[in-house]
Number of protein chains: 2
Amino acid sequence: MRHLLLAAALLALPVHADEPVPIPSPGEIAAAAPARDWIAIAPSDLLVMDLAPDAKGKPRRVVIQLMPPPFSQGWIGNIRKLAAAHWWDGTAVTRVQDNYVAQWGDPTEKKPLPEGLATLPESEYVTPVKWEQQPDEVVHAYRQRPALALLSSEALDGSDPVVPLKVTGKEEWSRNEGYPYRTAFAAGWPVAGQGALNIPNPSKSLGEPRIWPIHCYGAVGVGRNMSPDTGSGAELYAVIGHAPRHLDRNIALVGRVISGIEHLSSLPRGTGDLGFYEDAAERVPIVSIRLAADLPAAEQPKFEYLSTDSDSFARYADARANRRDPFFITPAGGADICNVPVPIRPVAAK
Amino acid sequence: MRHLLLAAALLALPVHADEPVPIPSPGEIAAAAPARDWIAIAPSDLLVMDLAPDAKGKPRRVVIQLMPPPFSQGWIGNIRKLAAAHWWDGTAVTRVQDNYVAQWGDPTEKKPLPEGLATLPESEYVTPVKWEQQPDEVVHAYRQRPALALLSSEALDGSDPVVPLKVTGKEEWSRNEGYPYRTAFAAGWPVAGQGALNIPNPSKSLGEPRIWPIHCYGAVGVGRNMSPDTGSGAELYAVIGHAPRHLDRNIALVGRVISGIEHLSSLPRGTGDLGFYEDAAERVPIVSIRLAADLPAAEQPKFEYLSTDSDSFARYADARANRRDPFFITPAGGADICNVPVPIRPVAAK
């Protein structure tokens, strides 16, 4: 794997007319995408977690992007309230299980929650949709019913229960991946669907069509107790291993780590059951968790993601599935959806 | 995810006759498998890597299981020679890239290699096979031709170029996983196949049937420079993130970490290109790498794996794909092959 260094060196050389131009890597395709294909992430959708500095005094900041409607908005409303109440300040990372998750929250499990958090039903793990074929052959999914009925009107936060959602899936890289449902990208997020995602033939749906977000590397979800509990959002985890997709539809996903995941994934593994730290001194203190929107403007981190509806993303995904950049000799000819991470980058300060 | 602690507590309670018996988890199914379903791993197939102790003086041992024939035996022969020559002693972990690999070898890239290492052709990344249906409906794959022609007879090491290989794949959890080929388990290892794995109808093969090992979490492979170089085996890496299956058939896989992967996966990520450590002081020294067979008998670690041909494994895999143990409310109904890790455990000292 020293190769990629070599490849970088080769790319830095002038290209002679009689030499083949190297085929760009997926990362190079994303980097070359025009500015119009990049979508800024709103500060109200960014959660900024500052862990205590490491042993050498280096800061450890983890930035999480929260999901857009129609996914998991009840829990995400709770998370915004918890951040506004500074509830996580002084809590800790309590569990790190290899090839699975890093988890944080209140180690005592006794800290009172802020008032007004919603209790969410398990039906919120999935989003019922109906399909509408557009004249331009783009497939749109519309949220079919207001499944947020158990939410307070405050928690609804003015969001429209009918959310148009463009779903893009290319047959060649959106196969079923070992699971009995299809996968695709919707509004920048990897989703799976049953019945619903029989693109381009929605009429073949089996049962009520529905879609749900996927547990890929870096996904952030809501810890819970046994069913019917679905968790409040006060206890969160991030995936730090191979996609544990058996958790899909069994736990609420609320976002993904977009910066600083190494501050979670490289933590010592806990030696207790399920990777819990046995000694309180092993826990990693959380200094604060804030919405970026609640930070002073100058301190707000800014990120953007490559629109999954763009041609650039389609070419990027095709390149992920068919690596032809110089190191590769046999393209896979496909990719599971978690092997096509959505490109996300910091926005340079102006 | 506090749930699993709760689940464990529930399982510890006496079960009353009128209560449903909890459905066992995949791990419980494996733990309950009879002794005959567990296969001891030969000391000649175990590579023992001792890193320098950590900052608190704790030992860091990583144990790697090498692959059986017909996979990658040329590189594995080299690796046995490198270990016998103590070649890795004093080398280091030089690269840790998040959600990808930890890599080790000679940081100077100038250390002379032992004499007699084989140079392997890229054709060795795959194993051509022919199929033979047995009367009991078990499918066997036989190595079709001696593709080791470029190896010295010494490197061949007496291995039979025609290796019978039982391949087990259950349609319900062996779907194509986003990639245009099938997956299955062969002799305890996850493999993919093109044409070859159209079980139960091998006659539908497209092109020459062939199989190859898969880059799952923990897989160990051979670093290389640009094609046609295939690497000697002196530079190795372990997967510490989501399965990078685009590397399949592009790099030789030689084994998997079966103990101590946390000593690699929790290392600080390198801040250089591709996760290389920029400062030599960041590298993690390797004290020694030995074949277990070359250690004194009393010091040899002993492990066993659950036979992938056993009924116990079939039930374990089915449970991985259809979680019905108490925490789960919606079984996935499938699993990608890297989400069905082969159970491996230490053998208790007698």
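Structure: see above.
I will try to describe carefully the structure that is included in this document. Counting from 1, residues in each chain are numbered in the order their sequence is written. Each chain takes a letter, starting from A, and each ligand takes a number, starting from 1, following the order in which they are written. Selection of residues for local features in this predicted model requires a pLDDT of at least 70, selection of side-chain atom pairs for listing and counting requires 80 or more, and totals for whole chains, interfaces and linings are taken over all residues. To get the side-chain values, all heavy atoms of the structure are used, and hydrogens and water are removed first.

## What about unusual backbone geometry?
Residue and element names in this part refer to chain A.
For step 1, the next point in the chain: Across the junction of Ser227 and Pro228, the peptide omega takes the value 15°, indicating a cis bond.
For step 2, the next point in the chain: Counting through the fold element by element, Pro228 comes out in the loop between strand E12 (219–222) and strand E13 (236–239).
For step 3, the next point in the chain: Backbone geometry places Asn99, a non-glycine residue, at a positive phi of 55°.
For step 4, the next point in the chain: Helix and strand labels come from DSSP, where a helix needs a run of H or I of at least four residues and a strand needs a run of E of at least two; each type is numbered from the N terminus. Mapped onto the secondary structure, Asn99 falls in the loop between strand E4 (92–96) and strand E5 (101–105).
For step 5, the next point in the chain: Given a relative accessible area of 26%, Asn99 falls into the partly exposed group. Using a 1.4 Å probe on the protein chains alone, a residue whose accessible area is under 20% of its type maximum counts as buried, one over 50% counts as exposed, and one in between counts as partly exposed.

## What to know about the interface of chain A and chain B
For step 1, the next point in the chain: Here, residues are in contact when the closest pair of their heavy atoms is within 4.5 Å. Across the boundary between the two partners, chain A contributes 67 residues, which contact 68 residues of chain B.
For step 2, the next point in the chain: In total, chain A and chain B occlude about 5,900 Å² of area from one another, counting both sides; carbon and sulfur atoms represent 59% of this.
For step 3, the next point in the chain: Only one rule defines a salt bridge in this text: a Lys or Arg side-chain nitrogen within 4 Å of an Asp or Glu carboxyl oxygen. Counting every contact that joins chain A to chain B gives zero salt bridges.
For step 4, the next point in the chain: Two N or O atoms form a polar contact when they lie within 3.5 Å of each other; inside protein one atom must be a possible hydrogen donor and the other a possible acceptor, and for residues adjacent in sequence the pair counts only when both atoms belong to side chains. Linking chain A with chain B are 18 residue pairs in polar contact (both at pLDDT 80 or more).
For step 5, the next point in the chain: Those elements that place two or more of their residues in the side of chain A that touches chain B are helix H1 (3–12), E5 and helix H5 (262–265) of chain A.
For step 6, the next point in the chain: Considering every element that reaches the side of chain A that touches chain B, the biggest residue donor is H1(A), with five residues.
For step 7, the next point in the chain: Residue type decides the class: Asp, Glu, Lys and Arg count as charged, Ala, Val, Leu, Ile, Met, Phe, Trp, Tyr, Cys and Pro as nonpolar, and the leftover types, Gly among them, as polar. The residue inventory of the side of chain A that touches chain B, partitioned by class, reads 31 nonpolar, 18 polar and 18 charged. What gets called buried area is simply the loss in accessible area from a 1.4 Å probe that two parts show on being joined, summed for both.

## Topic: the relation of the copies chain A and chain B
For step 1, the next point in the chain: Copy-to-copy alignment: least squares on C-alpha atoms, limited to residues at pLDDT 70 or above in both. Of the two same-sequence chains, chain A is brought onto chain B (RMSD 0.0 Å, axial shift 0.0 Å) by a rotation of 180°. The relationship between the two copies is best expressed as a two-fold rotation axis.
For step 2, the next point in the chain: Interface residue correspondence from chain A to chain B reaches 100%, placing this contact among same-surface, isologous pairings.

## Quick word on the state of the cysteines
Among covalent bonds in proteins, the disulfide is the one between the sulfur atoms of two cysteines.
Residue and element names in this part refer to chain A.
For step 1, the next point in the chain: The criterion for a disulfide is a pair of cysteine sulfur atoms lying within 2.5 Å. Considering all chains together, one arrives at two disulfides over all chains under this definition.
For step 2, the next point in the chain: Between Cys216 and Cys338 runs a disulfide, and the two sulfur atoms are separated by 2.1 Å. Around the S-S axis, the bridge from Cys216 to Cys338 shows a dihedral of about -80° and counts as left-handed. On the criterion of sequence distance, the pair formed by Cys216 in the loop between strand E11 (210–213) and E12 and Cys338 in the loop between helix H6 (311–321) and strand E17 (344–346) is long-range, its members being 122 residues apart.
For step 3, the next point in the chain: Exposure remark for Cys216: the relative accessible area of 11% places this residue in the buried category.

## A closer look at the pattern of salt bridges
For step 1, the next point in the chain: On inspection of all chains with the given rule, the structure shows 14 salt bridges over all chains.
For step 2, the next point in the chain: Residue Asp50(A) pairs with Arg61(A) through a salt bridge whose shortest N-O separation is 2.9 Å. Remark: Arg61(A) occurs in strand E3 (residues 60–66) and Asp50(A) occurs in strand E2 (residues 46–51); sequence separation between them is 11 residues.
For step 3, the next point in the chain: Residue classification places Asp50(A) among the buried positions, given a relative accessible area of 19%.
For step 4, the next point in the chain: Note that Asp89(B) is salt-bridged to Arg290(B), the shortest N-O span being 2.8 Å. Taken together, the residues Asp89(B) in the loop between helix H3 (73–84) and strand E4 (92–96) and Arg290(B) in strand E15 (residues 284–291) connect sequence positions 201 residues apart.
For step 5, the next point in the chain: Judged by relative accessible area, Asp89(B) falls into the partly exposed class, the value being 23%.

## Some remarks on the packing of aromatic side chains
For step 1, the next point in the chain: Here the aromatic set is Phe, Tyr and Trp, taking the six-membered ring for Trp, and pairing holds for ring centres within 6.5 Å; pairs whose planes are under 30 degrees apart are stacked, those over 60 apart are edge-to-face, and all others are tilted. Applying the stated criterion across every chain yields a total of 10 aromatic pairs over all chains.
For step 2, the next point in the chain: Between Trp87(A) and Trp88(A), the aromatic rings sit 6.2 Å apart at their centres with planes inclined by 80°, giving edge-to-face as the arrangement.
For step 3, the next point in the chain: What makes Trp87(A) buried here is its relative accessible area of 6%.
For step 4, the next point in the chain: What links up through ring pairs into an aromatic cluster is the set Phe185(A), Phe313(A) and Tyr316(A).
For step 5, the next point in the chain: Our definition puts a charge over a ring when NZ of Lys or CZ of Arg is within 6 Å of the ring centre and also within 35 degrees of the ring normal. If you follow Arg224(B) out to its NZ or CZ, it ends over the ring of Phe327(A), 3.6 Å from the centre.
For step 6, the next point in the chain: Across from the ring centre of Trp189(B), 3.7 Å away, lies the NZ or CZ of Arg256(B), which sits over that ring.

## Examining the side chain of Ser266(A)
For step 1, the next point in the chain: Within the secondary structure layout, Ser266(A) lies in the loop between H5 and strand E15 (284–291).
For step 2, the next point in the chain: Within the structure, the side chain of Ser266(A) is placed 2.6 Å from the backbone oxygen of Glu262(A), a separation counted as a polar contact.
For step 3, the next point in the chain: Contact partners of Ser266(A), with chain neighbours within four places excluded, come to Ser265(B), Ser266(B), Leu267(B), Pro268(B) and Arg269(B).

## Notes on the pairing of strand E5 (residues 101–105) of chain B
Residues and elements named next belong to chain B.
For step 1, the next point in the chain: The element E5 is largely enclosed, with a buried count of five among its five residues.
For step 2, the next point in the chain: Every second residue of E5 is oriented toward a common face, with Val101, Gln103 and Gly105 on one face and Ala102 and Trp104 on the other, all of them buried.
For step 3, the next point in the chain: At least two bridges found by DSSP between two strands is the condition for calling them paired. One ladder, built from four bridges, connects E4 with E5; its direction is antiparallel. Within E5, the residue paired with Val93 across the bridge is Trp104.

## Let's talk about the environment of Ser227(B)
For step 1, the next point in the chain: By the secondary structure assignment, Ser227(B) is in the loop between strand E12 (219–222) and strand E13 (236–239).
For step 2, the next point in the chain: Using a relative accessible area of 30% as the deciding quantity, one classes Ser227(B) as partly exposed.
For step 3, the next point in the chain: Once residues lying within four places of it in the same chain are set aside, the contact partners of Ser227(B) are Ile329(A) and Glu122(B).
For step 4, the next point in the chain: Looking at Ser227(B), its side chain comes within polar contact range of the side chain of Glu122(B), at 2.5 Å.

## Focus on the side chain of Gln73(A)
Residue and element names in this part refer to chain A.
For step 1, the next point in the chain: Its location among the elements puts Gln73 in helix H3 (residues 73–84).
For step 2, the next point in the chain: In this structure Gln73 comes out as buried when scored by relative accessible area, which is 15%.
For step 3, the next point in the chain: In this structure the side chain of Gln73 is engaged in a polar contact, spanning 3.3 Å, whose partner is the backbone oxygen of Pro68.
For step 4, the next point in the chain: Ignoring any residue separated from it by four or fewer positions in sequence, one finds Gln73 in contact with Met67 and Pro68.

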